[in-house]
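Chains, contacts and geometry: an overview
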Protein chains: 2
Amino acid sequence: MKLSLRIILLLSFAFSCLSVQAGDEVDLAVMTQIREEGFKNSQVMETVSYLSDVIGPRLTGSPALKQANIWTKETLEKWGLVNGRLEGFDFGPGWTADHVSVFMTAPRNVQLSALPISWHPGTNGVLHGAIYYAPMDENGDFRKYKGKLAGKIVFVDKLEGYQAPSNEVMIRRTEKDLIKSKNYRIPNGEQEEDFDWWVEYITFHHELESFLAEEGALAMVRQSTRDAMLIEASGYKHIDGQLPKIPGVVLAAEHYRRAVRLLRRDMDVELSIDVDAEFYTQDLKSYSTLADIEGALPNPNIVMVGAHLDSWVGGDGAADNAAGVAVVMEAVRILKAINVTPHHTIRVALWGGEEQGYFGSQQYATNHLTERPKNTNEDLRFMGPYELYYNQFPMITKPDYDQFSVYFNLDNGSGKIRGIYSEGNLAAGAIFKDWLVPFHDIGAATVTMNITGGTDHEVFDHIGLPAFQFIQDPLDYESRVHHTQVDTLDHIAEGDLKQAAVVLAGFIYNAAMQEEKMPRKPLPVATPE
Amino acid sequence: MKLSLRIILLLSFAFSCLSVQAGDEVDLAVMTQIREEGFKNSQVMETVSYLSDVIGPRLTGSPALKQANIWTKETLEKWGLVNGRLEGFDFGPGWTADHVSVFMTAPRNVQLSALPISWHPGTNGVLHGAIYYAPMDENGDFRKYKGKLAGKIVFVDKLEGYQAPSNEVMIRRTEKDLIKSKNYRIPNGEQEEDFDWWVEYITFHHELESFLAEEGALAMVRQSTRDAMLIEASGYKHIDGQLPKIPGVVLAAEHYRRAVRLLRRDMDVELSIDVDAEFYTQDLKSYSTLADIEGALPNPNIVMVGAHLDSWVGGDGAADNAAGVAVVMEAVRILKAINVTPHHTIRVALWGGEEQGYFGSQQYATNHLTERPKNTNEDLRFMGPYELYYNQFPMITKPDYDQFSVYFNLDNGSGKIRGIYSEGNLAAGAIFKDWLVPFHDIGAATVTMNITGGTDHEVFDHIGLPAFQFIQDPLDYESRVHHTQVDTLDHIAEGDLKQAAVVLAGFIYNAAMQEEKMPRKPLPVATPE
């Protein structure tokens, strides 16, 4: 899941007006087969284990993502899917860091917990210098520190003081939460705010990195946004030719804060930093994996199901998002295993570049669904294709646009499916209500009209196509796992993944058997200025 | 706080029979002065900051503990205490580790989070080898792996599987908890069980280390007992001449488990380990800091107050136990600042060697309070003086034993004082009930007859002297901080420390003004075999 200002999870008015009889159009015999296969012969843990334990973190552009592209393609083909392929998108250099060592060398020697920030250069050996505390969170702050940072290791985040830790670590949604989630939150510009926040966030960090490099700073040091040794190790979306020029690391919050406190005692505080980073420039494209179960009808619609395959690098990208990938792969494995013949084509998409802003899914939309002019606004100079095509008109549709039925996405950790966000689409919501009936007894029953953001379905929703994410149990995803070192297999809940794969397989099957395409919302039009 | 099988915090029958009028003998004018000084001119954060941020971890025998001994002595003298002194005890070599790097080098390269285990030797450069999974938890397990470990990096802990994290992270005791804590738990041999567990624990770990060294293992690797990157970095009590012979590190649980999972896929899993460790053999003694406020009476009793100054090395020993030391120091600073003239001598003791088994406090008892024969049982060959004197008779008392009134200890993190454990002493409990009256409005009101263990007051209690620990709010001490890397100033609650210092100052003042010594429990006698 991409970093987001506000991950909209809470959602208004339950649509109690729906009167479609539950289960009417659902083939319960097939749903039973799906449950049996998914619960008794599950491969989902092997898939998530292979991706996270064996392959490990899969930063967009890195060799590991490519390895995962190939392994997922081959695995899907082994299970009987066809047209396995990698679909590339322009991205820029890959990056890995093999080694990071950070020490406070004065006033006393302490080894610090740190992670390198993606796409920052290595140190070329051990770099050593005095620290300078220069908290900056808007470019107006640059003038305060101009001329003061040359030769310094610059601590750029404002010192956060003591905060009592939260007791909401492991969360399962209660019935009360789920009922509350059905209250529709009338749109109030949140999506536009989120978009603007993201652009400002990315732009400021590019400017900050440039400012530090111009000032001759030795390195940039950030404070982890989490405490108790958890480090969020995401980087910033990068544009080829705009890569950071000085090393950058994130310190464990406790270690960042101690260094600043010692500095405030007028002590000389010095750090040594040693980062081995490697850039990969042989292939400046990165890839998504696609494969199909072809529909039996002569002119089938397309039912898509996807999850992003890329990850950040602090952990193994297990919950974000090997879990989603494994559930998606398991859902289609189940359908192949029980040997269904869908009317419509089921297309699996395992995206690259999600964490940096939906590069893979946007490329798919650009290749197959819509043609739009690119925004040339200078404010977007650091942004990727999703932002450049955002709200740009005219929007010309391509042939697949008409054949497109629905897209389902998984990207909220390894918690089980409790329901689905219908993104304001009443007709789709009514259908989902029926589809959930065979899964009420495994916890999946809630349909909310609310929207949710922060991942690849937004690309499809934004161009007027039905695209949905599921409501999942959060577990410890938000509290500890998301983008940190502990996004590893240990934090994956096996029973939850099996449940999610079964529910998803049911949804995919139902979508692939629908007579009509999934009902759509009105076609997006240019917002009046 | 020493590691303990069971830290007895819950405690039975409230002694509602007491009818002493609250506040009768407490000088409320002095208590008001104490509150004013402690709340308005507090130095407690500066003390805890200096010990944890500036001096850092204070392993028994290390130069940093010595530095802390001197700094605390000088600070107490600066505040007007007299007879500042260091009291030594035989301990053995000091140890520090400046650097630890652990990488999984196969099947893929990943930097691991690790802490070296205290008193294990360094690696003399980078050590590299295949891992071997040999879970052992009793010495009967040794024969399973005999002949198989030569040249291997041995993973000695049993793989723990997924466990949902607890939502009890930050705990404040509720009124209900406190009422429940008053239910007296009739002794059922727990103290003896704790003692036996501790002896077995220490002995097994010595034997395990010897076994690995004899087998020619390259290094020992342990699994952290916590998850989410928290590492408990305690070592095992060491006896001079019995130091571990091969390097030993604890890995973050996620990293330990991943390595074992990869091994179970029949992959070759290799590690490189680089630990710089240094031993200090110039002074094989370590020290406690003592200082007094002399009593005005011609033949004053002794009121003692203490906390252990030593710590483990993963963090800065802030909550365990710079917090306790700072509260104790602040309490006597308050008494000096308000210029009281106590009838009896107030003696501050900041112990060394607590974490390895009460070395400093036991030495004090041996020097000044009792003479006992040492247990020569071979089962205790790895144990320190506390265990060797435990339940040994005859017990001959020394002159200070008669002058001794009471000992108060602080060692449960930085949470505020909610009451006191009376260790089964009804008469003392009745007195404490009165003494708490002026502090009810700041949360300290509970007297339980229950016992609590795991720290230095046990030395005094064990020889029949009144010695007590307070009931404190746990905060995140047990959940995250105790013996981990995050035992740093960030997890210290300032308001709580101020409260604790005020309550403790009140108790010390009252004890130092008592006409009689604190009532004692019956003198311990030899347990019939």
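Residues numbered from 1 in each chain as written. Chains lettered and ligands numbered in written order. Predicted model: local features only at pLDDT ≥ 70, side-chain atom pairs only at ≥ 80, totals over all residues. Heavy atoms only, no water.

**A look at the overall build of chain A**
In terms of helices and strands, chain A carries 15 helices and 18 strands. The globule rule puts the C-alpha radius of gyration for 529 residues at 24 Å, and the 24 Å found for chain A is close to it. Its C-alpha atoms put chain A at 75 × 45 × 45 Å along the principal axes. Here chain A holds 529 residues, and the buried ones make up 64% of them. One way to put it: in chain A the 47 positive side-chain charges average out to a point 3 Å from where the 72 negative ones average out. (Helix = DSSP H or I, 4+ residues; strand = E, 2+ residues; numbered from the N terminus. Rg over C-alpha atoms; globule rule 2.2 N^0.38 Å. Buried < 20%, exposed > 50% of the residue type's maximum accessible area, 1.4 Å probe, protein only. Lys, Arg positive; Asp, Glu negative; His and termini not counted. Charge placed at Lys NZ, Arg CZ, Asp CG, Glu CD.)

**Considering the domain arrangement of chain A**
Residues and elements named next belong to chain A. Under the domain assignment used here, chain A contains domain 1 (28-91 + 284-513) and domain 2 (94-176 + 186-278). Put simply, the middle of domain 1 and the middle of domain 2, counted by C-alpha atoms, are 31 Å apart. At the interface, 45 residues of domain 1 touch 36 residues of domain 2. Summing both sides of the interface, domain 1 and domain 2 together bury roughly 3400 Å²; the carbon and sulfur share of this comes to 58%. The interface formed by domain 1 and domain 2 contains four salt bridges. Between Arg381 and Glu207 there is a salt bridge, and its shortest N-O distance comes to 2.8 Å. (Domains from an automatic or database assignment. Contact = heavy atoms within 4.5 Å. Buried area = accessible area lost by both parts, 1.4 Å probe. Salt bridge = Lys/Arg side-chain N within 4 Å of Asp/Glu carboxyl O.)

**What to know about the confidence of the model for chain A**
Residues and elements named next belong to chain A. For chain A, the mean per-residue pLDDT works out to 93, and 95% of the residues sit at or above 70. A low-confidence stretch, residues 5-23 (pLDDT under 50), is modelled with 52 contacts involving residues beyond four sequence positions or located in other chains. Scored as a whole, the predicted complex attains pTM 0.94, and scored at its interfaces, ipTM 0.94. (pLDDT = per-residue confidence, 0-100.)

**Quick notes on the interface of chain A and chain B**
Taken together, the 46 residues of chain A in the interface contact 46 residues of chain B. Surface buried jointly by chain A and chain B totals about 4000 Å² across both partners, of which 47% is contributed by carbon and sulfur atoms. Counting across the interface, chain A meets chain B through 14 salt bridges. Of the charged contacts, one joins Arg265 of chain B and Glu46 of chain A as a salt bridge, the two residues approaching to 3.1 Å between their closest N and O atoms. Within the residue set of the side of chain A that touches chain B, elements represented by two or more residues are helix H2 (44-55), strand S2 (94-106) and helix H7 (253-264) of chain A. Residues that form the side of chain A that touches chain B fall into these classes: 19 nonpolar, 12 polar and 15 charged. (Nonpolar A, V, L, I, M, F, W, Y, C, P; charged D, E, K, R; others polar.)

**Notes on the pairing of strand S12 (residues 345-351) of chain B**
All names here are of chain B. Across the seven residues of S12, seven count as buried, placing the element largely inside the fold. Residue alternation in S12 divides its side chains into two sets, Thr345, Arg347, Ala349 and Trp351 and Ile346, Val348 and Leu350, and both sets are buried. Strand direction decides the pairing type here: strand S11 (residues 302-308) and S12, joined by seven bridges, are parallel. Looking across to S12, one finds that Ile302 is bridged to Thr345. (Pairing = 2+ DSSP bridges.)

**Observations regarding the nonpolar core**
By size, the foremost hydrophobic cluster in this structure holds 254 residues, and its most contacted members are Met136 and Phe408 of chain A together with Met136 and Phe408 of chain B. Leaving out residues up to four positions away in the same chain, Met136 of chain A has contacts with Asp141, Phe142, Tyr145, Leu149, Val154, Val156, Phe204, Leu208, Phe211 and Leu212 of chain A. (Core = buried A, V, L, I, M, F, W, Y, C linked by side-chain atoms within 4.5 Å.)

**Digging into the UniProt feature "domain: Peptidase M28" (unreviewed entry) in chain A**
Within this structure's numbering, the places UniProt gives as "domain: Peptidase M28" (unreviewed entry) are residues 291-505 of chain A. For the annotated span residues 291-505 of chain A, helix accounts for 34% and strand for 19% of the residues, and the straight-line distance between the end C-alpha atoms is 16 Å. (UniProt positions renumbered as here; feature names shortened; annotations may be inferred.)

**As for the pattern of salt bridges**
All names here are of chain A. Applying the stated criterion across every chain, the model contains 60 salt bridges over all chains. We note a salt bridge from Glu175 to Arg418, for which the minimum N-O separation is 3.7 Å. In this pair, Glu175 is assigned in helix H5 (residues 175-181) and Arg418 in strand S16 (residues 417-421), connecting sequence segments 243 residues apart. Relative accessible area serves as the criterion here: at 55%, Glu175 is assigned to the exposed category. Assessed through its relative accessible area of 7%, Arg418 is described here as buried. Notably, a salt bridge pairs Lys498 with Glu494, separated by 3.3 Å at the nearest N-O pair. Linking Lys498 with Glu494, this pair stays in helix H15 (residues 494-513), spanning four residues, or about one helical turn. Judged by its relative accessible area of 22%, Lys498 falls in the partly exposed class. Among the charged side chains, a salt-bridge network with shared partners connects Arg172, Glu175, Arg418, Asp473 and Asp496.

**Describing the packing of aromatic side chains**
Residues and elements named next belong to chain B. For the structure on display, the rule yields 60 aromatic pairs over all chains. Here Phe408 and Phe507 contribute two aromatic rings whose centre-to-centre distance is 5.7 Å and whose plane-to-plane angle is 85°, an arrangement assigned as edge-to-face. Taken together, the residues Phe408 in strand S15 (residues 404-409) and Phe507 in helix H15 (residues 494-513) connect sequence positions 99 residues apart. Under the relative-accessibility criterion, Phe507 is labelled buried at 0%. (Phe/Tyr/Trp six-rings, centres within 6.5 Å; stacked < 30°, edge-to-face > 60°.)

**Re H7 of chain A**
Residue and element names in this part refer to chain A. Between its first and last C-alpha, H7 extends 17 Å over 12 residues, near the 16 Å set by a 1.5 Å rise per residue. Judged by how many residues are buried, H7 sits mostly within the fold: 10 of 12 residues are covered. Considered for burial, the residues of H7 that qualify are Ala253, Glu254, His255, Tyr256, Arg257, Arg258, Ala259, Val260, Arg261 and Leu262. Immediately downstream of H7, the backbone of Asp266 shows phi near 65°, a positive value. (Expected span 1.5 Å × (residues − 1).)

**Re the pairing of strand S8 (residues 248-251) of chain B**
Residues and elements named next belong to chain B. The alternating pattern of S8 places Gly248 and Val250 and Val249 and Leu251 on opposite faces, both of which are buried. Sheet topology places strand S4 (residues 114-116) next to S8; three bridges connect them, and they run antiparallel. Within the sheet, the bridge partner assigned to Leu115 lies in S8 and is Val250. Two strands pair when backbone bridges link them, and strand S7 (residues 219-223) and S8 are joined in this way by four bridges, in the parallel orientation. Each residue of the ladder has a partner; that of Gln223, found in S8, is Leu251.

**Topic: the sheet that holds strand S4 (residues 114-116) of chain A**
Residue and element names in this part refer to chain A. Pairing within the open sheet is mixed, and its eight strands lie in the order S3-S2-S9-S5-S6-S7-S8-S4. With one partner strand each, in any of the chains shown, strand S3 (110-112) and S4 form the two edges of the open sheet. Averaged over all neighbouring strand pairs, the angle between strand axes comes to 30°, with direction disregarded. Against the sheet, H7 touches S2, S3, strand S5 (127-133), strand S6 (153-155), strand S7 (219-223) and strand S8 (248-251), its axis set at about 75° to S5. (Axes fitted to C-alpha atoms, helices over the stretch in contact; angles between N-to-C directions.)

**Observations regarding the relation of the copies chain A and chain B**
Superposition of chain A onto chain B requires a rotation of 180° combined with a translation of 0.0 Å along the rotation axis, giving an RMSD of 0.0 Å. In symmetry terms, the pair is related by a two-fold rotation axis. No C-alpha of chain A lies nearer the rotation axis than that of Asn167 of chain A, which sits 2.4 Å from it. Looking at the interface residues of chain A, 100% of them are also at the interface in chain B, so both copies use one shared face. (Least-squares fit on C-alpha atoms with pLDDT ≥ 70 in both.)

**Focus on the sheet that holds strand S12 (residues 345-351) of chain A**
All names here are of chain A. Ordered in space as S1-S10-S12-S11-S15-S18-S16-S17, the eight strands form an open sheet in which the pairing is mixed. Looking at the sheet topology across the chains shown, the edges are occupied by strand S1 (82-90) and strand S17 (446-448). The average undirected angle you get between the axes of adjacent strands in this sheet is 25°. Lying on the sheet, helix H12 (residues 426-436) is in contact with strand S15 (404-409), S16, S17 and strand S18 (467-472); it crosses S17 at an angle near 175°.

**Section: the packing of helix H2 (residues 44-55) of chain B against H15 of chain B**
All names here are of chain B. Where H2 contacts H15, the axes come no closer than 9 Å and their chain directions differ by 115°. For the element pair H2 / H15, the angle class is roughly perpendicular. The hand of the H2/H15 crossing is right-handed. Contacts between H2 and H15 pair Val44, Met45 and Val48 from the former with Glu494, Leu497 and Lys498 from the latter. Its residues placed into classes, the contact of H2 with H15 shows four nonpolar, no polar and two charged. (Parallel < 35°, antiparallel > 145°, perpendicular 65-115°, else oblique. Left-handed = near helix turned anticlockwise from the far one by under 90°.)

**Details of the packing of helix H1 (residues 28-40) of chain B against helix H8 (residues 318-337) of chain B**
Helix packing geometry: the angle between the two helix axes and the distance between the axes. Residue and element names in this part refer to chain B. Between H1 and H8, the least distance of the axes is 9 Å, while the angle of their chain directions is 120°. When the interaxial angle is binned, H1 and H8 end up oblique. Note that H1 runs across H8; the crossing there is right-handed. For the pair formed by H1 and H8, the contact residues are Ile34, Glu37 and Gly38 on the first element and Glu330, Arg333, Ile334, Leu335 and Ala337 on the second.

**Topic: the environment of Ile431 of chain A**
Residues and elements named next belong to chain A. Here Ile431 is to be found in helix H12. A sequence separation of 16 residues divides Ile431 from Val447, and the C-alpha atoms of the two residues are 9.7 Å apart. Ile431 has contacts with Gln514, Met518 and Pro519, leaving out every residue within four places of it along the chain.

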